There are 2 protein chains.
Amino acid sequence: MRAVERHPSFDSTFIRACRGLPVTHTPVWLMRQAGRYMSEYREMRARVSFLELCRSPDLVAETTVFAQERIGADAAIVFSDLLLVLEAMGLDLSYPKGGPRLSPPVRSASDVDQLEEVQARERLAYVYAGIRATRAALAETVPLIGFAGAPFTLAAYACEGGPSRSFVHTKSLMYRDPGAWSALMEKLVRGLIEYLCCQAEAGAQCLQIFDSWVGAVGPEDYRDFVAPHSTALINGVKAVHPDVPIIHFGTGTGQILEQIQAAGGDVIGVDYQTSFAQARSRLGDEQPVQGNLEPLVLYSSPEYVCERAQRVIDANAGRTGHIFNLGHGILPETPVDNVIRLIDYVHEATATSSS
Amino acid sequence: MRAVERHPSFDSTFIRACRGLPVTHTPVWLMRQAGRYMSEYREMRARVSFLELCRSPDLVAETTVFAQERIGADAAIVFSDLLLVLEAMGLDLSYPKGGPRLSPPVRSASDVDQLEEVQARERLAYVYAGIRATRAALAETVPLIGFAGAPFTLAAYACEGGPSRSFVHTKSLMYRDPGAWSALMEKLVRGLIEYLCCQAEAGAQCLQIFDSWVGAVGPEDYRDFVAPHSTALINGVKAVHPDVPIIHFGTGTGQILEQIQAAGGDVIGVDYQTSFAQARSRLGDEQPVQGNLEPLVLYSSPEYVCERAQRVIDANAGRTGHIFNLGHGILPETPVDNVIRLIDYVHEATATSSS
């Protein structure tokens, strides 16, 4: 267990909610809150590429802090990308139209062998520099979230070489060569533990693990091929930083929510396809939960946004340990005014009389 | 209620299982069983385009019957496409690389107004001709399945103009203009009732409704924007052809399985992401169910195929009313030998002593 200074934002509404403690209002942040839906982000991206932005600590700080302040979110999430870890393993990473590309794809035991160890401390040092710069620029009371892809999602990107609908190559490796699959997942987990620990040491008060593609596997495959590795990752980070809450989020996870909970994490992220009321009762009243507004609701009227936000609040039924978020990342054409209205609304609607 | 001659295949294992009756072995068929994974299909497609094939009754019969016989499936499904209905509504349909395209996309109330009624009896007459030709060529004891897309899935294709990940246009119409959304769904339902009834009259012994994209909506949106229309479709067909079993299938439906059951259908299709054991107990022992092998398992070894097939059989736990199928369509590079091994295995493993 490594000592990390207890930052003032550890007493924030957001971190308190991660621990299931009573709060004066439900904290809100939005996945991808610094992104294309903001004109300021688009202007920045007209000047620098996505990867240049990720690698420039000052621009990371500017982008991250601007978004948090603009929308009034209760937490900031460091501007970065899941796939930087795969680049650190020696894969070539690019962002052509149609989604990210990784090459060469990993499709056999020997491909797995040839994949380099992440060496997260050295190779991803620019991420920690971005976190330090962000932490310095962010209001002291606002917690900063670091993040990484879950081993399954990163393995799937590596196997497919980009986005996929059928996950042919991922599952082929899994089913045909379970030993190579495990070796791939273990290599990822080793790198990810170091990566997330370094993020905490650089100044992240919370860590989110994104298993964005885990909805592609059924419950048995999650149990046999995924969960042990997610658990190893979470336990590995927790052994070093027990104080830092971990949010464990995946999409398409309605059928494996209890398994995700069992795999670990202080907070379980709930996707928008899952009934929030059911998720809360399935996971137990004591389980802190994050979610789960349908992101497309933000494309409609402010009135409808508030109506749907209220439904999520109602589904939470006054339990502690609720972090309000979307059930998926915010989409590029979301009107900023609706985002601000959403966050204000959640704050007003959940404010206790003592606040 | 229209009289349809009771075909000999109404006493087949497949139709008996659709009704929940005892059978001598678990019947098997595979979604997209006539398709690209078969060299004979690829050779056919080297000569005629996909749409030409769909529109040629003789080629439809040849393709459909060949696949059923080659793999020994307990039912045939007419070779056709979900999107022909949208073409009949006046949209231009093409199949460029990257997925089907429909234009112009339907994005407003006036777009919905301009969409023509399907006029299924006239405009899709070639489908019924294909069914008649197939029925004539198929062994008398083998039932023939007709099918259509569910209203949501077709509406989503029409709104997006092709495949989508976020369903931005579909949900925008739904949330911004619920009246236009309903009008679109109702127009589809009117056409689909006629379309499925005509298929039954042409000789289909069973009808499957594919809600392939319904996993994109959460439980509340399914309830408010989808279920009433799926129910209207199923009830509309049942009012005319109460004898013809309807299979109601969607993907990504683990969270709305009970709602899909409530919406209607004699058999509920279960996707591969859902635990089959849980699905059977959630839906009740009496509910006939179809599913749900992970399609990618067929890319592995014959031994692993049998192992995973046995797990599905075990999860069914001897209940009547099980139709064995994949939990999604078969994929293009599936080895045919594994498919044949799968079907033989399910037949052997589930044969009762009386058979």
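Below is a short write-up of the structure. Just so you know, the residues in each chain are numbered from 1, in the order the chain's sequence is written. Written order determines the labels here, with chains lettered from A and ligands numbered from 1. For this predicted model, a pLDDT threshold of at least 70 governs which residues receive local features, and a threshold of 80 or more governs which side-chain atom pairs are given and counted, while totals over whole chains, interfaces and linings are taken from all residues. For side-chain calculations, the full set of non-hydrogen atoms in the structure is used, while hydrogens and water are omitted.

Remarks on the overall build of chain A
Counting its secondary structure elements, chain A contains 16 helices and 9 strands. Atoms counted for the radius of gyration: C-alpha only. Globule rule: 2.2 Å times residue count to the power 0.38. Scaling as 2.2 N^0.38, a compact globule of 355 residues should have a C-alpha radius of gyration of about 20 Å, and chain A matches this with 19 Å. In chain A, buried positions account for 62% of the 355 residues. Looking at chain A alone, contacts between residues at least 24 apart form 73% of all its contacts between residues at least 6 apart. Note on areas: these come from Shrake-Rupley sampling with a 1.4 Å probe, and a residue is covered only by the protein chains present in the view. Carbon and sulfur atoms make up 50% of the accessible area of chain A, which totals about 12600 Å². Here chain A contributes 31 positively and 41 negatively charged side chains, and the mean placements of these two sets differ by 2 Å. Where helices and strands are cited, they refer to DSSP runs of H or I of at least four residues and of E of at least two residues respectively, numbered from the N terminus. Partly exposed describes any residue whose relative accessible area lies between the buried limit of under 20% and the exposed limit of over 50%, with all areas from a 1.4 Å probe on protein chains only and scaled to the type maximum. Residue contacts are counted whenever heavy atoms from the two residues lie within 4.5 Å of one another. We treat Lys and Arg as the positive residues and Asp and Glu as the negative residues; His and chain ends play no part in the count. Charge placement uses NZ in Lys and CZ in Arg. For Asp and Glu, CG and CD serve respectively.

Here's the deal with the environment of Ile-330 of chain B
Residue and element names in this part refer to chain B. Relative to the helices and strands, Ile-330 is located in the loop between β9 (322–326) and α16 (336–350). Ile-330 sits in the buried class, given a relative accessible area of 4%. Placed 294 residues apart in sequence, Ile-330 and Arg-36 show a C-alpha to C-alpha distance of 9.1 Å. The residues contacting Ile-330, other than those within four sequence positions of it, are Leu-30, Met-31, Arg-32, Gln-33, Tyr-37, Leu-298 and Val-339.

Some words on the relation of the copies chain A and chain B
Overlaid copies result from least-squares superposition on C-alpha atoms, with residues included only where pLDDT is at least 70 in both. Under the fitted operation, chain A is carried onto chain B by 0.0 Å of movement along the axis and a turn of 180 degrees, and the coordinates agree to an RMSD of 0.0 Å. These values place the two chain copies in the arrangement generated by a two-fold rotation axis. Residue by residue, 100% of the interface of chain A is reproduced at the interface of chain B, so both copies engage with the same surface.

Observations concerning helix α11 (residues 178–202) of chain A
What a helix should span is 1.5 Å times the count of its residues minus one. Helix length check: α11 of chain A (25 residues) gives 36 Å between terminal C-alpha atoms against 36 Å at 1.5 Å per residue, within 8%. Positive backbone phi, at 130 degrees, marks Gly-203 of chain A, one or two positions downstream of α11 of chain A.

Brief notes about the interface of chain A and chain B
Contact residues are listed per partner, giving 37 residues for chain A and 37 residues for chain B. Throughout, the accessible surface (probe 1.4 Å) given up by two parts as they are put together, summed over both, is called the buried area. Taken as a group, Arg-165, Tyr-175 and Gln-255 of chain A account for 22% of the area that chain A buries against chain B, more than any other trio of residues on that side. The working definition used for a salt bridge is a side-chain nitrogen of Lys or Arg within 4 Å of a carboxyl oxygen of Asp or Glu. The interface formed by chain A and chain B holds 8 salt bridges in total. The partner of Glu-294 of chain B in a salt bridge is Lys-171 of chain A, and the shortest N-O contact between them spans 3.0 Å. Any N or O atom pair separated by 3.5 Å or less is treated as a polar contact, with the protein-specific requirement of one donor-capable and one acceptor-capable atom, and with residues adjacent in sequence counted only for side-chain atom pairs. Inspection of the chain A/chain B interface yields 18 residue pairs in polar contact (both at pLDDT 80 or more). Listing elements by their share of the side of chain A that touches chain B, those giving two or more residues are α10 (168–176), α12 (219–240), α14 (276–283) and α15 (302–316) of chain A. For the side of chain A that touches chain B, the element with the highest residue contribution is α12 of chain A, accounting for 6 residues. Here the residues of the side of chain A that touches chain B are counted per class, giving 14 nonpolar, 12 polar and 11 charged. All amino acids are sorted into three groups, where Ala, Val, Leu, Ile, Met, Phe, Trp, Tyr, Cys and Pro are nonpolar, Asp, Glu, Lys and Arg are charged, and the leftover types, Gly among them, are polar.

All quantities given are derived from atomic positions and should not be read as evidence of function.
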